[in-house]
Amino acid sequence: MTDTPSPVPARRFDTRTAIIGVLALQVVLAVLLMGRDVLSVLPQLVRPSDRPAFDAPVAPGDQTRRYAPDDLPFAPTRDGTPGRPYRTSGDMPVRLLFEHADGLLSLTGQIAPGDAIRLEEHLQTAGAVTEVRLNSPGGSVQDALSIGRQLRTLEAATLMEATDVCLSACPYILASGVTRRVDDDAQVGVHQHFFGANTALPAFVAVESIQQGQGEVMEYLNEMGVDPLIMRHALKTPPDEIYILLPEELITYRMVTPAGS
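All figures in this text were calculated on a predicted structure; none of them were measured in a lab.

Parameters and conventions
Sequence order as written defines the numbering, with residues in each chain counted from 1. Local features in a predicted model are, by the rule used here, given only for residues with pLDDT of at least 70; side-chain atom pairs are given and counted only at 80 or more, and totals for whole chains, interfaces and linings are based on all residues. Derived side-chain values reflect all non-hydrogen atoms in the structure, with water molecules and hydrogen atoms excluded from consideration. In DSSP terms, a helix is any run of H or I states spanning at least four residues, a strand is any run of E spanning at least two, and both are numbered starting from the N terminus. Using a 1.4 Å probe on the protein chains alone, a residue whose accessible area is under 20% of its type maximum counts as buried, one over 50% counts as exposed, and one in between counts as partly exposed. Residue contacts follow a heavy-atom distance rule, with two residues in contact if any of their heavy atoms lie within 4.5 Å. For every accessible area listed, the method is Shrake-Rupley and the probe measures 1.4 Å; residues are considered covered only by the protein chains on display. Only one rule defines a salt bridge in this text: a Lys or Arg side-chain nitrogen within 4 Å of an Asp or Glu carboxyl oxygen. In this description, strands pair whenever DSSP reports at least two bridges between them. Angles here are taken between N-to-C directions and fall from 0 to 180 degrees, while the axes themselves are lines fitted to C-alpha atoms, restricted in helices to the stretch in contact. Here, the term right-handed applies to a crossover whose path from the first strand over the helix to the second runs clockwise when the strands point away from the viewer. Throughout, the arc means the angular range of directions from the helix axis out to the C-beta atoms.

Visitor: Explanation requested: the overall build of the protein in the structure shown.
Guide: Counting its regular elements, the protein contains seven helices and nine strands. Sorting the 261 residues of the protein into buried and exposed places 40% on the buried side. Here the analysis covers contacts within the protein between residues at least 6 apart in sequence; of these, 63% occur between residues at least 24 apart. In the structure as shown, the protein presents an accessible area of about 14,800 Å², 59% of it carried by carbon and sulfur atoms.

Visitor: Would you take a moment to explain the pattern of salt bridges for this structure?
Guide: Think of it this way: side chains of opposite charge can pair up when their charged atoms draw near. In total, this model carries seven salt bridges according to the counting rule given. For Arg-133, the salt bridge goes to Asp-164, with nearest N and O atoms at 2.8 Å. You can see Arg-133 sitting in strand E4 (residues 131–135) and its partner Asp-164 sitting in the loop between strand E5 (157–160) and strand E6 (165–167), a full 31 residues away along the chain. In this structure Arg-133 comes out as partly exposed when scored by relative accessible area, which is 26%. Close ionic contact of Arg-181 with Glu-161 constitutes a salt bridge, the shortest N to O distance being 3.6 Å.

Visitor: Got a minute to help me understand the sheet that holds strand E1 (residues 64–66) in this structure?
Guide: As a general point, the strands of a sheet are linked pairwise by backbone hydrogen bonds and lie either parallel or antiparallel. Across the sheet, which stays open at both edges, the four strands sit in the order E1-E9-E8-E6 with mixed pairing between neighbours. With one partner strand each, in any of the chains shown, E1 and E6 form the two edges of the open sheet. Within the sheet, the average angular offset between the axes of one strand and its neighbour, ignoring direction, is 30 degrees. With three bridges joining them, E6 and strand E8 (residues 187–190) adopt parallel strand pairing. In the strand pairing of E8, Val-165 is matched with Gln-187.

Visitor: Can you walk me through the pairing of E5 in this structure?
Guide: The two faces of E5 match: Ala-157 and Leu-159 on one face and Thr-158 and Met-160 on the other face are all buried. Bridge count for E4 against E5 is three bridges, and the pairing is parallel. Its bridge partner being in E5, Val-132 is matched across the sheet by Thr-158. Regarding the hand of the β-α-β motif, the stretch spanning E4, helix H3 (residues 141–154) and E5 is right-handed. Strand direction decides the pairing type here: E5 and strand E7 (residues 180–182), joined by three bridges, are parallel.

Visitor: In this structure, what is going on with helix H2 (residues 115–125)? I would like to understand it.
Guide: Side chains of residues three or four places apart in an α-helix project in the same direction, reflecting 3.6 residues per turn. Of all the residues in H2, the buried ones are Asp-115, Ala-116 and Leu-119. The buried residues of H2 occupy one face: seen down the axis, they fall within an arc of 100 degrees. Facing away from the buried surface of H2 by more than 90 degrees, the exposed residues are Ile-117, Gln-124 and Thr-125.

If you want it as structure tokens, here you go:
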């Protein structure tokens, strides 16, 4: 009599196998999501903005310029106006420089993460602030909003001279002034922001984060007395470009206050 071979036992599905499978699936999803994001920005890498350089003069209907916060060539000022203290944004401080004298606080350079805390600490020991002068190519949106709210509590005015620029996140600090003055030769520009979106997040989460950030900015502008419709120019301008607002637009959107107000 021939013995019948016993059946091979089925492989047991254990916890370790399940964990490995879940981890492998997460790795695959992360790679696919990051690959998708790389493909979405690839056209910008292969074919960067064809807009004029930042130092090219603007005119109504021709106001969008290339934007690279680390290397923006600044346009010369008009005859009779002092030259710009920096030739490019790359010459500026990599985080805000605070200079304070006789009630005037100057904020110069890129807005780096943590600058809002640095300003808060500076104000604790500084004297009175009645005016804030801005010269910045932009940077951290959240820090700019926090700085703006700090300055509003001081009820200080904000201003820009002919040699100054205020781009990207910087206009949110400009908006904080109880009065706001911008020389016609100064440059104020807006565009889209990243709001710290993580490429490894699912698309719906990243979009939700961006929408929340835009909503926060619009609420902030309304709080400061600036027309949130200014954001329509920002939303239509990609991050590697900047829309330069004309003096009449600054008045229309209440980014500057009328003389004598």
